[in-house]
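# Chain and residue survey
The lines below spell out each chain.
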Amino acid sequence: MSAPDPALVDLLGLVAYGELLAFDRLAADARLAPDLPRRAALSEMAAAEIAHYRWIADRITALGVRPDEAMGPYVEALQAYHDSTEPKDWLEAATKAYVGDAVSDDFLREIADGLDGPDRQLILDVLHDSRYAEFAATEIRAAIEADPRVANRLSMWARRLVGEALSQAGRVAAADRGALTALIARREGVDVPALFRRLTDAHTARMTAAGLNN
């Protein structure tokens, strides 16, 4: 059996740990929900994250690598992001699900485009379902409609989230020993600064769609 592509193992390790953390975070944030339907919605999201973790962990194992070894380089950077962006209430949790998860998904989608075949599809399959983003955006818009003053508070929170997420992406790029950067470079004409500009542009569009100020 030939040695697995280090870039693939690193990317799968990053995704696996991201899914594990997302499960922890969504399960905790569900307790902030103001009613049972909203609590159930976040709990369903958490269940999906742990299922996705299993898919990725199984693929890492099939490559002959232990999942904990593949995830190890990313523990510090990803944990730091979540520790620095812990929501204080339900609306902050919804905004984090909408803004923070989307930036992470955009980042992973860009990198996965450097892969071929089933592994690329596996990464795309574990990215967050659009219905969860729609759920979070609906919560934000409803809150702003009920009290327009909420827009300023959530806009400031969203800007902090994207700033922390982009910093996290930079730390991840440094932590991976160049493998993820190599995946980006496989796409002709693509570089890391251009990727970050696209992440920022996509974030701006999402802010507008949810009624938040850029």
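Here the focus is helix α1 (residues 6-29). Residues spaced three or four apart along an α-helix face the same direction, because each turn holds 3.6 residues. Its 24 residues give α1 an end-to-end C-alpha distance of 34 Å, which sits within 8% of 34 Å, the value for a rise of 1.5 Å per residue. Here α1 lies mainly inside the structure; 17 of its 24 residues are buried. The N-cap residue of α1 is Asp-5: its side-chain oxygen and the backbone nitrogen of Ala-7 are 3.0 Å apart.

Taken as a whole and assessed by the stated rule, the structure comprises 1 aromatic pair. On the basis of an interplanar angle of 70° and a centroid distance of 6.3 Å, the ring pair of Trp-90 and Phe-135 is categorised as edge-to-face. On the criterion of sequence distance, the pair formed by Trp-90 in helix α5 (residues 90-112) and Phe-135 in helix α7 (residues 130-146) is long-range, its members being 45 residues apart. Take Phe-135: its relative accessible area is 23%, and that puts it in the partly exposed class.

Attention now goes to the confidence of the model for the chain. For the chain, mean pLDDT is 85; residues scoring 70 or higher make up 87% of the total. Helix α3 (residues 67-71) holds the highest mean pLDDT among the elements of the chain, 95, whereas helix α9 (residues 179-185) holds the lowest, 64.

The full count for this structure, using the stated rule, is 12 salt bridges. We note a salt bridge from Glu-139 to Arg-38, for which the minimum N-O separation is 2.6 Å. Placement of the pair is Glu-139 in helix α7 and Arg-38 in helix α2 (residues 36-62), with a sequence separation of 101 residues. The class for Glu-139 is buried, based on a relative accessible area of 12%. A salt bridge links Asp-119 to Arg-59, with the nearest nitrogen and oxygen atoms 2.7 Å apart. Of the two residues, Asp-119 is situated in helix α6 (residues 117-126) and Arg-59 in helix α2; the sequence distance between them amounts to 60 residues.

Moving on to α2. Across its 27 residues, α2 extends 39 Å between first and last C-alpha, which sits within 8% of the 39 Å expected from 1.5 Å per residue. Three or more residues of α2 are buried, namely Ala-41, Leu-42, Met-45, Ala-46, Ala-48, Glu-49, His-52, Tyr-53, Ile-56, Ala-57 and Ile-60. As for α2, its buried residues are in contact with α1, α3, α5, α6 and α7. A positive backbone phi angle near 90° is found at Gly-64, which sits one or two residues after α2.

Conventions and cut-offs
Residues numbered from 1 in each chain as written. Predicted model: local features only at pLDDT ≥ 70, side-chain atom pairs only at ≥ 80, totals over all residues. Heavy atoms only, no water. Helix = DSSP H or I, 4+ residues; strand = E, 2+ residues; numbered from the N terminus. Expected span 1.5 Å × (residues − 1). Buried < 20%, exposed > 50% of the residue type's maximum accessible area, 1.4 Å probe, protein only. Polar contact = N/O pair within 3.5 Å; in protein donor to acceptor, adjacent residues only side chain to side chain. Phe/Tyr/Trp six-rings, centres within 6.5 Å; stacked < 30°, edge-to-face > 60°. pLDDT = per-residue confidence, 0-100. Salt bridge = Lys/Arg side-chain N within 4 Å of Asp/Glu carboxyl O. Contact = heavy atoms within 4.5 Å.

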